Structures are given as C-alpha cells and as structure tokens.
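Each chain, letter by letter, is given below.
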Amino acid sequence: MLQEEGTYQTELIDLSTVDVILISNYHCMMALPYITEHTGFTGTVYATEPTMQIGRLLMEELVNFIERVPKAQSASLWKNKDVQRLLPSPLKDAVEVSTWRRCYTMQEVNSALSKIQLVGYSQKIELFGAVQVTPLSSGYALGSSNWIIQSHYEKVSYVSGSSLLTTHPQPMDQASLKNSDVLVLTGLTQIPTANPDGMVGEFCSNLALTVRNGGNVLVPCYPSGVIYDLLECLYQYIDSAGLSNIPFYFISPVANSSLEFSQIFAEWLCHNKQSKVYLPEPPFPHAELIQTNKLKHYPSIHGDFSNDFRQPCVVFTGHPSLRFGDVVHFMELWGKSSLNTVIFTEPDFSYLEALAPYQPLAMKCTYCPIDTRLNFIQVSKLLKEVQPLHVVCPEQYTQPPPAQSHRMDLMIDCQPPAMSYRRAEVLALPFKRRYEKIEIMPELADSLVPMEIKPGISLATVSAVLHTKDNKHVLQPPPRPAQPPSSKKRKRVSEDVPDCKVLKPLLSGSIPVEQFVQTLEKHGFSDIKVEDTAKGHIVLLQEAETLIQIEEDSTHIICDNDETLRVRLRDLVLRFLQKF
Amino acid sequence: MGVEAFSVAWDRSEESLECSLQQHLRGTAVLIMDPECARLLPALCAVLADPRQLVADDTCLEKLLDWFKTVMETECSLHLLQDHPCLMELLSHVLKPQDISPRVLSFVLRLVGIFAAQEDCFQYLQQGELLLGLFGETGALSWAAWNMPSVRSGWIQGLCSLAQHPSALHFLADSGAVDTIFALQGDPSLFVASAASQLLVHILALAMQGGASGSSISEAAAWPVCAQKIVNHVEESLHSKATPQVTQALNVLTTTFGRCHSPWTGALWGRLSPPVACLFERDPIPAVHSLMDLLLSVARSPVLNFAACGLWEMLAQTLSRLSPTQAGPLALGTLKLQHCPQELRTQAFGVLLQPLACILKATTQAPGPPGLLEGTAGSSLTVDALLSSKSAFVGLLCQTLAHLEELQMLPQCPCPWPQVPLLEATVTILRLCDGSANPSSSVGGRLCGTLGGCVRVQRAALDFLGTLSQGTSPLELVLEVFSVLLKTLESPESSPTVLKKTFQATLRWLQNSHKIPNCSDLSPDALLFLGELFPILQKRLCSPCWEVRDSALEFLTHLIRHWGGQADFKEALHSSEVPTLACQLLQDPESYVRASAVGAAGQLSSRGLQATPTSPENPQAQQGLLMDFMHILSTDSEGFPRRAVLRVFTEWLRDGHADVIRDTEWFVATVLQAVSRDLDWEVRMQGLELAQVFLIQAMGRSSLHCPYTVGLPEATSPSPHPEFLQTLCRLPLFEFAFCALLDCDRPVAQKACDLLLFLRDKTTSCSGPQEAGDSPNSASVEAVLQRWREGEQGQPLGDLEPEAMLAILRSLDLEGLQGKLAKSSDHMEKSPQSLLQDMLATVGILEENEADCY
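The shown structure was predicted, so the numbers you read here are calculated from the model rather than taken from an experiment.

Trainee: Which residues make up the overall build of chain A, and what are the values?
Mentor: Scanning chain A from N- to C-terminus turns up 18 helices and 29 strands. The globule rule puts the C-alpha radius of gyration for 580 residues at 25 Å, and the 36 Å found for chain A is more than 25% above it. C-alpha atoms of chain A, sized along the principal axes, occupy 120 × 55 × 55 Å. Within chain A, the fraction of its 580 residues that count as buried is 44%. Once local pairs closer than 6 in sequence are excluded, the contacts in chain A between residues at least 24 apart make up 69%. Positive and negative side-chain charges in chain A, numbering 51 and 63 respectively, have mean positions lying 2 Å apart.

Printed below as a string of structure tokens:
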C-alpha cells in the first residue's frame, strides 16, 4: 500500500507569494498542511468554522488510518521515470510522482489549522484595501461557501461545490451572486446522470433487500457529509422496512465528534433543522437512533465494538477508497459471501478500481453515488437567475463527457459561451478596471460648487491632493498657497509641497459672433470686420490693429503690445463664457 | 303586507286545490301537481315576487324549473296557468319595474319559455303582451339587470324553450330577437356566448324544418326569411377579418352539422364551403381548432355527398397546410371517419406518424426504416424544427403517442399497421428518455438532451408500448422491448408513476409476446426475461417509496394469477426472494401496501407458491398465513387490508383452497364473526359475498348428498338438507344476514336482502308455512329482531332452531324491503313537495315547518 498522496503542482506558483487562501468546503482542504507547512506560505487562510472543524475531523481520520500501519521505510526508487515505466498499470500511469509526499502528521494538521481565520456567511473581509471577499452559503455541506470577491466597480463570484437540493446545510445563497461581472463555476456534480433522490431510494432498497435476506451491508464513506442525510433517510425508512432490529454501526476514529459536531452547528443548518433547536430538539434524528441503540458508533473495530458486534448489520466506515481504514477489515470479512452487499455512495472514487484488489469477490456490490452538487440543468437555472456577464469554468464542463459524447445536455450551455480553462492555465478575466473609487474629505467636499451642465449632471472643479495608501484613495484639501518666504526653514517646507498656483477657473460655452460684435460696438470699437475660417471666425478690429481669433476650443486675442486693450477684450470675451 | 299576501295566497291555494280536484274528476293527469304542491305554490310565487325575500340557493330554482318541465310533459301548460293564477301573477310581476333579484328574473324568463313551448299557451301569453314585454327590445334588454350574465343566459334559454312551433318563429322574426342573439354570440360570458350560438342553430333548424322542402332546398332564396337571415350572418362573419367572429360562425356551423342531418344541410355546406375554404388561404389561418372541428363535423354528417362537395380535397389541403402540432387531432379525426378515401387516410396517418418518423430518422444510421417514412418522405418536417421549443415538442410527442394508442384500439385502425417501425420508434423514445440511447448524430444528441428524464413522454410511450404488444413483432424487437422494460424497471431514476406504467406494459408484453395460439404458457424468451425480472422486483419490493412497493405487489399478483400454475414460472419465482419479501410486506406501515400484500400472498398461497414450501407433513406454515389474514381482519386499523383479506378469503372459498376446505364451517364462522363487528361497510358487503359463495357451494354439495336427486343441481333447485340448515344456524349465518338487513348502509342491507331471498327460495320446500307462528322459538327471535330495528343490536338472537329461522324468513316481507332499498336514499327529499317546503322554509314563510326531510 502506498502511503503517499499526490498533492499539487509546485512549479505553477510560488506559494510563498500567495497572500490569501479561501476554502470552499471541508472536502477541498485536505492538502492544506502541505501548503502551510512546507512552502514558505505566510498568508492567511479563510474558512468558516464548520469547514475547519469537520476538515480537522477528516484529516484526523486520515492520519489515524495511515498511522495505524506504520512503515519503517518508504520506497522512492520506483519514482525514477525509467523504473516507473516498467511498473504495472495504475503505477505506470501515475503522474507527477516526484511530487508525492508522505501523509502529514497531526502536529502539522494542528499547525495548519491554526493559520485559519474563521469567517461567517456574508461577513465582509477587506483584503489589503484592494478587494473585499465575502463567503456565502453554497448549500453543499456544513459551512460550505461560495466566495464573492469584489472591488467597488467589479464583482467576481467563485462558485464551487454548491447544491440547490434541500439537504441538511443552509440553502445556497443565490441572490447575492447577482450582478457579477464574472462567475467562476467549478465543483459540479461528478455523476451528472444520477439523481440523488433516486440514488437514496436505490441505497435504501438494496440495504433492506440484503438485510432481509440475512446479509450484512457495508457502506464505505467519509465520517461527515452525506452520511448525515443517509442516516436521516434510514431513520424514516427502517420502521417501514421492518429493519428496527438491525444494528447500524458507524466506525471511525472521529465518529463521535462528527455526530456531535453536526448537532451543534445550528446556525449553519437548513431552516427546518434550525427551528428544531428552539424546541429544543437535536436537529438531526441520528440522536434518536443513538438513544434507542439503533445506531452505535465506535472509534475502531477493536475494543467495545468486538463485544457488541451482531449480524446481520449495517456498517458505515472509511476510507471510501477501500485502501485503508476499518473498511478493509470488513471487505475481507464479508467479501466471500454473496449474502452481503457493499454499497458505494461517495462519488469521488471509481468503485471498480476500489474493488480491484479484492477480486474475486462473492459479495454483491451496488453503486449508488450520491452527489448533491449542481448538475447541468441546475446550472442553467442558476445562470438564468444570477445572470453573470461572463462565466468561466473548467474545459471539461464545456463539452459532453467523453464517454457520452452525444449527451449535449451534459454541458454548460450559456450565452455568451463560457470561457474555459485547462489545468495549469493562466486566464485573464474578461473585464477591465475602468474606475477607482476616491473618497473626498468633508472639508473639501464643502468647498465644491457643482454647476448643472445638463439636467441631472453637475460638474465642479476640484483641486486637491490625492493620497493613496493600501489601495485606498483619498482627496484632501490642497495646502494653503505658499506664504511669502520669511525664513529659510519656511522656504524649505514650501518647497516640499507641490507648486500650487492660484487656480484659474475653467471656462465653458461658446461665443455667438454677432452678439460679440454688437458688444464690441457698444464698447466703442468700430470698423469691425468678421471673416469666416475653417475652424471658426476671425474678428478684425482694423482701427486697433487687433485680431480676435475664435475657434471651437480656443480664443486668441492678438494685439500689438497693448496689454490694456487685451485685458479689455478678454473681459468682453469672458462675458460670454461660464466659469466654474 | 306579508300577512295579507299570505292570507290571499292561502285562499288561492284552496281554490287551486279545488281546481286540481276538478281536474282529477275531469280525468286530466294530476300525477305530479299534487294537491299539497298546489297548496304551497301561491306562497312560493309570492316569495319569488317579493324583492325583500332572498332565495339563497340557485339550485332550488333549477330544481323548480326541472319540476315544471316534468309537469308540462303531462299537463297542458295553458290549463296550468289558468288554474294557478299565482303563476301568471308572478310572470307579469316581472314586467313592472322593480328591483327583483337577477336570479329570479332569469328564472322567470326560463319559466315563461317552458310555458310558451306549447303553442296555445304561447298565444295566450302573447295576447297578454307578456312575451314581447319579456323578450322584446323593451323587455329584458332594457333592464338594468341585463348586465348580469345570468339574466342574459335566462333570456336565451327561455327563447330556446319556446322556439318549438311556427308561431314562435314569427315572434322571433318580428321581435328583433335574432339580432340580439347575433350580438350575444360575442358576449363576454362564455356560457352566454355558447348558448347564443346553440340557439341560432336551434332556430335555423326550426325554420328549415317547416320552411323549405323538396326542390326549394337547393335554392337559398327559397329558404325561410329567418333562416336566410342567420345564414347571411354566418357568411358575413366568415368573411370577417376578426378571428372571434370567424370562430363564432364556425362554431354555429359545427353545431349545425353535428345536430341536423336533413338534406338542407347539404345545400348549406354548398353555399358556405367557399368562404370556409378561403380561410385556409389566410396567413395565419384563423381559428384553427374551430376550423378542424367544423371539417370533422361535416365529414361525420350522414347526409352529405362528400365527393361532390369537395370535402376530401379540403381535408387533404388542410392536413398539408397545418403544422404538425395543429394537424394531429385532425389527422386522428380523419382516420376515425367511416367512409374516407384510402388516399386521405394514408395522408392523415402520415401526418400522425411524422414526429415518430423524424425521431427514427434522427437516431438511426440506415436510410430509414420502411413503412413509417414512406408517407412522410416529402415532408420538410425535421427534428430541428420540432426541437425549437422543448415543451411544444414534448407535448406533440405525447399527443402523437396517445393518438396512435387510441387508433390501434379502433376498428378504423389503418391497415397495414406499421407495427415494426412504430415499435422501433417507441423503444427509441424510451431509450432517449432513460439516457441509454447512443445516437451518433448531433440532432440525436439534442434529442437526448430534450427527452432525457422527461417523465411525461416516458409515460405516454409506455402506454403505447403496452398497446403495441397486441401486434405481431419479430423476435429481436421483442427482446429489445424486454430489455428496455428491464432497464426502466431497474433504473433508480424511474419515478413511481413511470414504474407503474412499466409494470403494466410488461404484463401486456408477457401475455402477448410470441403468442402461440391456444397456449397460455410463457415463451422461452419471456422466461429468460423473468429470470432477470425477479431480482429487480425484489429490489422494488424494498423501495422506500410506498407507491413503488404497492405497484410491484400488484404486478406480482397479476403474474401469479396468469402463470402461477406453470412449472417454469414456479421455478423462476422460487429461485428468488420475491415470495418471502411479499409476505413480509403484510406488516408494511402503509395500508395500501398491506392490502396489496394480502392480495399477493393470497395468490401465492392459492397456487402453492408460498414462501415456506408446505409438505403434507408440515401444514403449519400454510396455516400461518390463514391466521395472519384472520389477524389482519380482526385488528388492522385500516379498511383496505381488511377488504383485501375478505376478497382473498372469498376467492379461496370459491376455489376450494386446501386450508379452507379442511374446516370450512370453522372458517366461515370465524370470518363472519369478525366481519359482523367491522365498521367498514365494504368489508361487511364482502362478508355477505363470502356467505353467499358458501351457501351456493354448500347447497350444491348437500344436494349431491341427496340420493333422490336426478339431473343437474341447478336445474332441479333442490332443497337443502336439514343438517345444512342446522349448520347455518350454528355458524351463525342467519344472525349475520338478519343483522346486515338492518344495516345503516343501504348497499349492505340490499345485499343481505338478496342473500335472504336466495335462501328463502331455496328452502321453501323444507317446511310448510303453517309452522311459522307456532314455534315459541320464532316468537323470541322476532322479538329480538324488533328490538334490533329499534336500534338495540347488541343482543344476540340466541340458539336457534332451523324451523324458527325458516319461519321468520318467510314472515319477513323481503320483496317489499328490496323495493324500498332499491330507491335511492334521497327519494323522500327529492319530491317536489319537499322542494317547495324547503324553499318556503328557508325564507321563513311557512308558519310551522312541517318538513321532516332530514
């Protein structure tokens, strides 16, 4: 048995430069210790409390399973590409074996988890002033989140591992995803053709059928997640199926914590379960199953379990890959009898591959993958509802699955077509940052006098100093005009501030030539001649040998060394223009 | 005023009483207007005319009208009016401007119509200007209440009733009513609009009935003025650009051709078919549905010469013009026609097949299967066009499948029936629905996406698949059908309704597949199929969804009923866990499932297929089921399982089930004892049924014991053996039947009465009637029965002598009771007298409420 796991591609990014990690749900944080403990990562990890707690349980179980079978040495020679080429099939095809690591220890797990900053749904977290991130309920698991990453003018939604079904977690928050510029969509169901309701029915039928015939049922599973829903279904079903006397065993190093944790995260549960807390009743009915001795849980098959064990029975235990954990024991124990059944419910593993080492197997085997994550019909409903400007998703979702190439319904179909990305591809998101939000200090804002240009649009000129810090921009009043230099010290100070002249007002408007000529005449100028040019007009004051050139965006007064005249003329021109 | 009115009414009622007595003496039928009703009538009329009195219940007025209609069937309405001046007063009361409630106005308009249906009464009313005052332009039309749809509806219905004779026709023509009816065709109330169209047809038929005859039929100018007016109006409407008007005209014509089968309708079609044909040239075609209805209505008319009137051409054109969604119902209608040219039938069938042909074309590689595509090869219809809207496509497909299913059942079913391509198409559709199809084309892929998981289409296809089992299909296709059925039964995605339909279709295919004449055995393929079916059935019996468990059990019951005797079937069944699981479901929490489990377990046991195989040495297990059933019968809180148990018991008794014949007397006694206490009347009914089966069997058997019997027992109607009567008393079957005779649920009492009559007839020869009263025992029994009648049913009859029983049996007036029970339970309350009393009681006019109806 290999005790190593493929982790992540280290060449792609330098993890020490990563500032923030957002965790969507407890299933996708299993590699966290590798990142936080061995890469020089110094950033912050954000996750909800149930995500962290249940993630800890999953890791604890994993470490426990691995540590039960310690290995004095570990082989590494096979990782040599030349050797690997010669190995039998699954090993031969394994990729990136050089990056495979030994499983982490509990100490590393604790250290990794200590770096997590806990957040609640809809809580706004400022990241360096540049963006704000917000977790939203994704409806998939306890504490599972979608993330909104937004600046003042752009909004990106990261939707991963979401569910629209009514199961135990809080329902998915769809409304907050509206008005996204980009929606990154990933973590859809692994089994788009299997409807979870049908599968739960199938699960119950097969379970009952086996037990009624005197056989045992083995359910390889994770210690948290779908198991809560399965226990709830069984709770409703066992009496009607006449299974009240059949014991249900849940065996995991974290079984007790998992069952108890689920009952205390009331605020993260669906409405129905939340309201039970106020009665007060435990939100999950497995409490009652435990009370009535129908469900029993044990940390392992040793100890109490071996005394209580009674057949026929139903056993829930890990690991769903069938490679380690107590499940291995039961596979060996029950595999030889065709009365027994193993029912696979976790969609993450190919059940055929999982069973391969146990062949030949007399035990019946049923595949009821229960994956509550979004399927393609739900995605198209979600996109219709949320209407993002752009959708970004992995390439696999933009074409039908290779095994069912005719199933055009098993792909994301949206307008405009989704942008797709491949593994290790860097993608530029399809938006440009056009605006920045700038704050104006109150005293500066007081001094502004907006003028209405068009109905509804007012303009005001502003002269200020722009302060930028932590991606925040603030306009402050400009310093007072420089005092006449009185001392050297003063002078140096005033040199530091930018050279601020008294600002001239801006002008707008156009000069109606006929009226302007009339005004000139009124003010005593005579012998005025107007010429039309390509860009405007030229007003000639022949007597004064002066020329006023009026164009669309400029007016020039050309006179010969007569400043008084120029100023007079300028003031006359200014009469026709608006200042602000 | 109220008191005065009342006293006046009272006086009149005395008069009317005299009148009716006189009528009686004159020999006129006064069967319905009995003296009591005649006495109550004036008071009622006063109430109706009084605006302060509110008649709360519309149904009372409807019943009153119905009553008047029945009275009018036997009585002369003129006499009735003359004999009951209060009626005339009520009618003319409406003419005065008062605030009478709209519902009374509507009532009076309809009542006048009923009276005026007889010509002499019509004339009487017309002389009094009453008719013009009500139906003329100054009448109802000018009332404020005309705004109420009920008043307009009453006006139309009144006219419809009175339009029965030539005088009415003149009145209609002169009063301008016809123009009003034209206007009412577009009434905002659909009821009024529809009634107006119906009235026009009625008037047209009436006019033509007397007006035109012989050669003048073909000349429209020779038609009566009134008819001409209506036809002109219809013709104008057909030319109208407004679709509602066209629809109205088409509806009038559809009704006309549907109702009137006189020669003049041919002339009418001759005149109006050109404007109808013009409608097809418009784009878009207005009122498509009404147009199709009209064409089909014309085509169904027995008097038209279709070849001459160009109807077939018009139908053919229409079929080719309309879109596939629109043309479906027309194609089906055309195919249903009796005398339709083969060419048109082929075309219509082609239209109907188009969607399926398209699906086959899109999903198969081959150039196209023969048969289905021939008729549609030239059609431009493609799946692309069909797929433009998912809901429309799904709707079209369901409609097509339903139409084809209907068609296959009919004698007009097209021949040759393209069984093979239809079956292929249906299987393909089912595969598209369950996602197991693997088409190579992109259109096929889109079909997958559209139909994938579509329960509606799946259900329709399964229904049709079941119907297709009646035809003969090649073996490879039958195997494919079995495979798709298995796939659907197995799939976790199949909804409970889909599963139910799949079970039904499976049963039909098992019955009909590879049928060998005169042999009910399963074919080898069917047996192979069963081998795969039972494991799936096992799983379905454990489904968390009770509907699925229920339909799986029902399916199992049918399977065993059909093939339970066959050795191969038995073997296949026994190699599965199905029998055990079925018996376990006797404890299901859902009562419907328990009931179905009872049926299945009963059937298993009848065929000796019960879970634990019984051997002669070990009858315990078998006895166990009987005891289980007895337990359910006496303890189950729901009625369905108890009814199911009795059905099984009756069947067991009838078929001579081993456990029953072991001690039939004990069996019947135990069952009857449990049933007699049951609160569910259907269980008690079933108990009587079981008792009857027992009687018939026992009598047959006892007669066989009689050494003097000659010939067939049925023919000689033998009298039962005295010992047998003893048994009946001991069981106690008599007590059960007597008790049921007094049952508060009428069907139970009826059944008990039938049973006792049967018993009495069979026992007549046992002892003479003179012995009846003599027995002291019978006196005590009668006393008990009397107490039972008074509601004390706790007391048992005690030990009974057969003679006493027979005596009581003869003393009871069973025929009389049977007659009483045959009447519906509300026959007392339905009498007109009761109706009048009720109406008066609700308004509090009747001084003392004498009615004791409820």
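Trainee: How would you sum up the UniProt feature "domain: Beta-Casp" (unreviewed entry) in chain A? Please name residues and give values.
Mentor: Residues given the UniProt feature "domain: Beta-Casp" (unreviewed entry) here are residues 227-355 of chain A. In this annotation, residues 227-355 of chain A is assigned 43% helix and 12% strand; the end-to-end C-alpha distance for the span is 21 Å.

Trainee: For the state of the cysteines, give the residues involved together with the corresponding values.
Mentor: Under the counting rule described, the total for this entry stands at zero disulfides over all chains. Left unpaired, Cys583 of chain B is separated from the closest cysteine sulfur, that of Cys542 of chain B, by 13 Å.

Trainee: Account for the pattern of salt bridges, naming residues and giving values.
Mentor: Residues and elements named next belong to chain B. Applying the stated criterion across every chain, the model contains 36 salt bridges over all chains. Ionic pairing is found between Lys336 and Glu406, a salt bridge with its closest N-O pair at 2.6 Å. Within this pair, whereas Lys336 is found in helix 19 (residues 324-336), its partner Glu406 is found in helix 22 (residues 390-409), the two being separated by 70 residues in sequence. Its relative accessible area of 31% is what places Lys336 among the partly exposed residues.

Trainee: Go over the sheet that holds strand 22 (residues 465-469) of chain A, please, and point to the residues and values.
Mentor: Residue and element names in this part refer to chain A. Strand order in the open sheet formed by three strands is 19-23-22, and the pairing between neighbours is mixed. Edge positions in the sheet fall to strand 19 (438-440) and strand 22, since each of these pairs with one other strand and no more. Across the sheet, the axes of successive neighbouring strands diverge by a mean angle of 25°, strand direction being ignored. Sheet topology places strand 22 next to strand 23 (residues 472-476); five bridges connect them, and they run antiparallel. For Lys469, the partnering residue across the bridge sits in strand 23 and is Lys472.

Trainee: Outline the interface of chain A and chain B, listing residues and values.
Mentor: At the junction of the two partners, chain A supplies 20 residues and chain B supplies 25 residues. Counting each side, the surface lost to burial between chain A and chain B is near 1,800 Å², with a carbon and sulfur contribution of 57%. If you sort the residues of chain A by the area they bury against chain B, Leu209, Arg212 and His406 of chain A come out on top, with a joint share of 34%. The tally of links from chain A across to chain B stands at one salt bridge. At the junction of chain A and chain B, the tally comes to four residue pairs in polar contact (both at pLDDT 80 or more). Secondary-structure elements contributing two or more residues to the side of chain A that touches chain B are helix 6 (196-212) and helix 7 (226-240) of chain A.

Trainee: I'd like a description of the sheet that holds strand 5 (residues 116-119) of chain A, backed by residues and values.
Mentor: Residues and elements named next belong to chain A. Reading across the sheet, the three strands line up as 2-3-5 and stay open at both edges, with parallel pairing between neighbours. Two strands close off the open sheet at either side, each with one partner strand: strand 2 (20-22) and strand 5. Within the sheet, the average angular offset between the axes of one strand and its neighbour, ignoring direction, is 30°. Pairing analysis gives four bridges linking strand 3 (residues 44-48) to strand 5, with the strands arranged parallel. Among the inter-strand pairings, Ala47 is bridged to a residue of strand 5, identified as Leu118.

What counts, and where the lines are drawn
- Residues numbered from 1 in each chain as written.
- Chains lettered and ligands numbered in written order.
- Predicted model: local features only at pLDDT ≥ 70, side-chain atom pairs only at ≥ 80, totals over all residues.
- Heavy atoms only, no water.
- Helix = DSSP H or I, 4+ residues; strand = E, 2+ residues; numbered from the N terminus.
- Rg over C-alpha atoms; globule rule 2.2 N^0.38 Å.
- Buried < 20%, exposed > 50% of the residue type's maximum accessible area, 1.4 Å probe, protein only.
- Contact = heavy atoms within 4.5 Å.
- Lys, Arg positive; Asp, Glu negative; His and termini not counted.
- Charge placed at Lys NZ, Arg CZ, Asp CG, Glu CD.
- UniProt positions renumbered as here; feature names shortened; annotations may be inferred.
- Disulfide = S-S within 2.5 Å.
- Salt bridge = Lys/Arg side-chain N within 4 Å of Asp/Glu carboxyl O.
- Pairing = 2+ DSSP bridges.
- Axes fitted to C-alpha atoms, helices over the stretch in contact; angles between N-to-C directions.
- Buried area = accessible area lost by both parts, 1.4 Å probe.
- Polar contact = N/O pair within 3.5 Å; in protein donor to acceptor, adjacent residues only side chain to side chain.

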